[in-house]
Amino acid sequence: MKRLRCDQTPAWAALKCHFDASGQHFDVRHAFAQDTQRFENFSQDAPHVFADLSKNLIDADSQALLLALARQCDLEPARDALFSGQKINSTENRAVMHFLLRNPPSAHYTPAQAAINKIADAQAEVEVTLNAMLAYAEQVRADTAITDIVNIGIGGSDLGPQMAVLALAEFAMPGKRLHFVSNIDGDELAGVLKNLQPASTLFLVASKTFTTLETMTNAHSAKAWFEAQGGRDIALHFAALTTNVAAANAFGISTTFGFWDWVGGRYSLWSAIGLPIAIAIGAAGFREFLAGAHAMDEHFRTAPLEGNLPVRLGLLDVWYRNFHGFSSRSIAPYSSALRRWPAYLQQLEMESNGKRVDTDGQPLPFDTSPVLWGEPGTNGQHAYFQMLHQGTTVVPVEFVAVKKAAYAPNDLPGHHAMLLANALAQAQALMRGQADAGGHNNFPGNRPSTFLLLEQLTPASLGALIALQEHRVFVSGAIWGINSFDQWGVELGKVLAKDIAPRLQSGDVSGLDGSTAGLLGRLLHEGS
Ligand code: F6P
């Protein structure tokens, strides 16, 4: 039977009534005054991650209704379809099995899982590739001649590995510098190459398709530089991470690590795309990273919806987007190591759920993905937190804090405590406000936030934190009834860039709109 669209379920109607009657006036300060157990009632332990949801604009009724919405939107069957390898990426006719990449080798399958999509065969291939990739990572780590590793990739082939390598810098081996080149702007590649020597450099060309314009342009230029600088042996100094091994071979790269079409680009850092992470933190560290994510997979797969953190976060996202009408979420990692966390989450959420039609291609009458944005704390405080506290728009904030610093805290006394104090104070100030003050000093307060807390930033906890976000995006996408695993919206710009590129040589503006033709003219003609 066809599932009901979320806005046609009884739970959605009940949520609307609840919002109109009381939800829109909900005051979290009153809720704390009335319920001394609110922190306990609205917080959740999950593997490696503790989440305090209590400063959000939710009460027991809205939570119960959101859980009813999840059930009426068949969230549990959707989750089962994911984990049993069904082809839930319907527009590309693909399964979505990034979770397989982090299954422990000894994983057992139910007969149903094994039957669908040859999941057991896929797992066997995953293990072979993972072992080969980790052996290669160890070989690179042991090779003292290689000091610089340049990852050339973009989108999912850049953001995840880059974010994770920065986040786990304290676990990285000394003597290896990792660089990430993504932009087609030659400034980026030139800036990296000028400090490198071919003999001590390893290039990783990371591209699921091995056709992406930016990556291929950078890869060709890197190869040309390598040869022009007298570099020998491409086989030793270039490796490719791709599902398109044939294209990598044609490019001249013989060292390749493959993955599969059932790994989406933005979900690919667990695959061969994670090689820079494995080089940085080693094979054992990478396995811990996978194990942390697997622990979160198991939590998501098995925990009842009411105690399931990705489910609770995903439902909160629906509540804020579709009932409160909040259009963005600010990401505030109080951890400098997590400085690329907002950028990574932007792709994960917005490329996955930035869709305007349902899985059947029918336009949706309600909003989907929020805009995600942010910077690490405390920097954001001195830039845009003003707007979060006193602007006219409410923006839920998602804090991430780490209890134990990665560096020896005694070396830099006071820093970490002050960092944590600021994170807590901002979340507190957003909620409390300063309603008794007048004029410019008036803070309305009641501004919602979620506080995610890690014991330490380790490979395992980072793995769990990422998997948490992947599943949370799945949850809201499943409620909205969209395909969270395709990205057709990226294609049009790529096609048009191919049309415009030759016009920058020829000057031909025929058929272009006035603005594009005008801008092209200014780019081409001196003094205009
Ligand atoms: O931006 C679109 C996109 O297809 C992303 O989904 C993907 O992560 C990125 O391009 C890079 O693709 P590839 O790994 O194939 O080079």
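Residues numbered from 1 in each chain as written. Predicted model: local features only at pLDDT ≥ 70, side-chain atom pairs only at ≥ 80, totals over all residues. Heavy atoms only, no water.

With that settled, consider the site of the ligand. Surrounding the ligand, one finds 13 residues, the nearest of these being Gly 156, Ser 157, Ser 207, Thr 209 and Thr 212. Contacts to the ligand include Ser 207, whose side-chain N or O atom sits 2.6 Å from an oxygen atom. The contact in question runs from an oxygen atom of the ligand to an N or O atom on the side chain of Glu 351, over 2.8 Å. Looking at the shell around the ligand residue by residue, the class counts come to 2 nonpolar, 9 polar and 2 charged. (Near = heavy atom within 4 Å. Polar contact = N/O pair within 3.5 Å; in protein donor to acceptor, adjacent residues only side chain to side chain. Nonpolar A, V, L, I, M, F, W, Y, C, P; charged D, E, K, R; others polar.)

Further remarks concern the domain arrangement of the protein chain. Each domain of the protein chain was delimited in the assignment, giving domain 1 (6-72 + 303-486), domain 2 (99-278) and domain 3 (491-524). Measuring from the centre of the C-alpha atoms in domain 1 to the corresponding centre in domain 3 gives 41 Å. (Domains from an automatic or database assignment.)

Turning next to the sheet that holds strand E6 (residues 238-242). As summarised here, the arrangement of the 5 strands in space is E4-E3-E5-E6-E7, forming an open sheet in which the pairing is parallel. Whereas interior strands pair on both sides, the edge strands pair on one side only; in this sheet they are strand E4 (177-181) and strand E7 (255-258). Across the sheet, the mean angle separating the axes of adjacent strands is 20° when strand polarity is ignored. Relative to E6, strand E5 (residues 201-206) runs parallel, the two being bridged by 4 bridges. Its bridge partner being in E6, Val 205 is matched across the sheet by Ala 240. Against the sheet, helix H9 (residues 186-193) engages strand E3 (148-152), E4 and E5, with an angle of about 160° to E4. (Pairing = 2+ DSSP bridges. Helix = DSSP H or I, 4+ residues; strand = E, 2+ residues; numbered from the N terminus. Axes fitted to C-alpha atoms, helices over the stretch in contact; angles between N-to-C directions. Contact = heavy atoms within 4.5 Å.)

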